[in-house]
Number of protein chains: 2
Amino acid sequence: MAKFKLDEVDHQILDMLIENTRTPFTDIAKKLLISAGTVHVRVKKMEDAGIIRGSSLTLDYVKLGYSFIAYVGIFLEKTHQTKFVLERLNQIPYITVAHITTGKFNIFCKIRAKDTKHAKDIIFKIDDIDGVSRTETMISLEESINDKRRLMHTIFNDL
Amino acid sequence: MAKFKLDEVDHQILDMLIENTRTPFTDIAKKLLISAGTVHVRVKKMEDAGIIRGSSLTLDYVKLGYSFIAYVGIFLEKTHQTKFVLERLNQIPYITVAHITTGKFNIFCKIRAKDTKHAKDIIFKIDDIDGVSRTETMISLEESINDKRRLMHTIFNDL
DNA sequence: GGTGAAACTTCTAATAA
DNA sequence: TTATTAGAAGTTTCACC
């Protein structure tokens with residue numbers, strides 16, 4: 001997949017939308033000294049190109065009662081069971097991210113749970129999947145960094 | 001922080017907005033058989049309560065030339081250096097997430113890079129931080145699961 | 001490529017129920 | 001709490017640069 005060429009105006013538009021998806025195009029236009037129509041056309045172009053894949057809300061999971069985050073490394077008995085295990089993991093909604101990895105673990109996932117007890121249930125469920133030989137859990141005490149915007153700024157200055 | 005009580009209508013509103021932040025309130029209203037004004041009031045209430053913290057774009061990082069994802073576990077020489085090391089990590093924009101963890105590692109982070117060489121540079125930079133004794137890298141071969149919506153559905157049915 | 005204006009859609013706040 | 005309403009604001013298209 002090749003890089004896509006975005007100019008400075010595109011960067012600025014993305015930057016404002018990353019901050020708040022509902023920023024009115026008229027506001028963006030005013031700030032960038034272009035017309036709202038241009039903002040619209042450029043956003044559409046980036047959507048069509050697949051650069052912008054969508055938008056999503058950032059919710060406060062703690063306020064929703066889900067304050068527990070852990071990472072779970074999974075060791076498989078045999079590598080070819082990866083697909084099967086991933087299908088099973090996909091049925092556990094508390095697993096929000098999973099990667100097939102090289103290195104220590106075969107699969108690596110992130111879970112979000114209500115509390116320690118709930119997390120234990122989830123981890124036991126993972127352990128119980130056929131093909132999983134064992135797991136190793138890292139409990140998050142604090143999410144100290146969570147910032148896509150810094151990366152985007154850097155990417156923009158890079159291209 | 002206590003749980004917040006959301007009713008079925010709130011869930012449906014969130015569900016549609018999680019899917020696409022720019023879904024017009026009039027569309028949501030039509031689907032839920034309520035008025036757009038009500039949607040507006042409820043969203044505002046959830047924003048004020050801090051349940052909705054914001055909104056963000058989902059970008060295609062691969063198309064932007066950043067197709068490399070890795071997780072890096074960090075071992076510190078001494079636990080009390082955590083704060084210092086996190087400050088240093090925070091200066092590396094390619095680190096998108098970092099957690100203080102219990103378990104194997106002291107700090108655990110996620111990096112997004114252009115390619116293997118770029119990732120190596122980032123990891124060396126982490127290794128060079130004072131207080132870091134060593135790191136362990138897990139390279140993502142494939143991001144197989146990345147789904148907040150399933151969790152939200154479950155949370156909604158839970159509350 | 002971009003603009004500006006028209007036509008259309010959506011938002012928002014006040015009022016009323 | 002919710003609905004209605006109406007004016008303000010935002011979006012989108014298009015003829016023309």
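About the thresholds
- Residues numbered from 1 in each chain as written.
- Chains lettered and ligands numbered in written order.
- Predicted model: local features only at pLDDT ≥ 70, side-chain atom pairs only at ≥ 80, totals over all residues.
- Heavy atoms only, no water.
- Axes fitted to C-alpha atoms, helices over the stretch in contact; angles between N-to-C directions.
- Helix = DSSP H or I, 4+ residues; strand = E, 2+ residues; numbered from the N terminus.
- Parallel < 35°, antiparallel > 145°, perpendicular 65-115°, else oblique.
- Contact = heavy atoms within 4.5 Å.
- Nonpolar A, V, L, I, M, F, W, Y, C, P; charged D, E, K, R; others polar.
- Near = heavy atom within 4 Å.
- Polar contact = N/O pair within 3.5 Å; in protein donor to acceptor, adjacent residues only side chain to side chain.
- Salt bridge = Lys/Arg side-chain N within 4 Å of Asp/Glu carboxyl O.
- Buried < 20%, exposed > 50% of the residue type's maximum accessible area, 1.4 Å probe, protein only.
- Least-squares fit on C-alpha atoms with pLDDT ≥ 70 in both.

(A) Inspection of the packing of helix α1 (residues 8-19) of chain B against helix α3 (residues 36-48) of chain B at higher detail. Residues and elements named next belong to chain B. At a closest axis distance of 11 Å, the pairing of α1 and α3 adopts a crossing angle of 85 degrees. As the angle between them shows, α1 and α3 are arranged roughly perpendicular. Contact with α1, carried on its side by Val9, Asp10, Ile13, Leu14 and Leu17, involves Val39, Arg42, Val43 and Met46 of α3 and no other residues of that element. In terms of residue class, the contact of α1 with α3 is made up of seven nonpolar, no polar and two charged.

(B) Up close: the protein's contact with DNA strand D. Surveying the vicinity of DNA strand D reveals 13 residues, the closest of which are Phe25 of chain A together with Arg22, Thr38, Arg42 and Lys45 of chain B. Within 4 Å of the protein, atoms of DNA strand D come from sugar and phosphate in 83% of cases. Between Arg42 of chain B and DNA strand D, the recorded distance is 2.5 Å, taken from a side-chain N or O atom to a phosphate oxygen. Side-chain polar atom of Lys45 of chain B to a phosphate oxygen of DNA strand D: 2.3 Å apart, as the coordinates give it. Within the surface near DNA strand D, the residues separate by chemical class into four nonpolar, five polar and four charged.

(C) Main features of the pattern of salt bridges. By the definition in use, this model includes 24 salt bridges over all chains. Across the pair Glu136 of chain B and Lys104 of chain B runs a salt bridge whose closest N-O atoms are separated by 3.9 Å. Taken together, the residues span a long stretch of sequence, with Glu136 of chain B in strand β5 (residues 132-146) and Lys104 of chain B in the loop between β3 (95-102) and β4 (107-113) at a distance of 32 residues. Taking relative accessible area as the criterion, Lys104 of chain B reaches 28% and is therefore assigned partly exposed. A cluster of three or more residues bridged by salt bridges with shared partners is formed by Asp7, Asp10 and Arg42 of chain A.

(D) Representation of the protein's contact with DNA strand C within the structure. Close to DNA strand C lie Arg22, Ile34, Ser35, Thr38, Arg42 and Lys45 of chain A together with Pro24, Phe25, Thr26 and His40 of chain B, which account for all nearby residues. Interatomic distance of 3.4 Å between a backbone N/O atom of Thr26 of chain B and a phosphate oxygen of DNA strand C. At three residues, helix α3 (residues 36-48) of chain A tops the list of elements feeding residues into the surface near DNA strand C. Residues belonging to the surface near DNA strand C are distributed by class as follows: three nonpolar, four polar and three charged.

(E) Just the relation of the copies chain A and chain B, in detail. Superposing chain A onto chain B takes a rotation of 180 degrees plus a shift of 0.0 Å along the axis, which leaves an RMSD of 0.1 Å. Given the turn and translation reported, the copies of this chain are related as if by a two-fold rotation axis. Considering only C-alpha atoms, the part of chain A nearest the rotation axis is Ser56 of chain A, at 2.8 Å. A share of 100% of interface residues in chain A that are also interface residues in chain B marks the association as one of identical surfaces.

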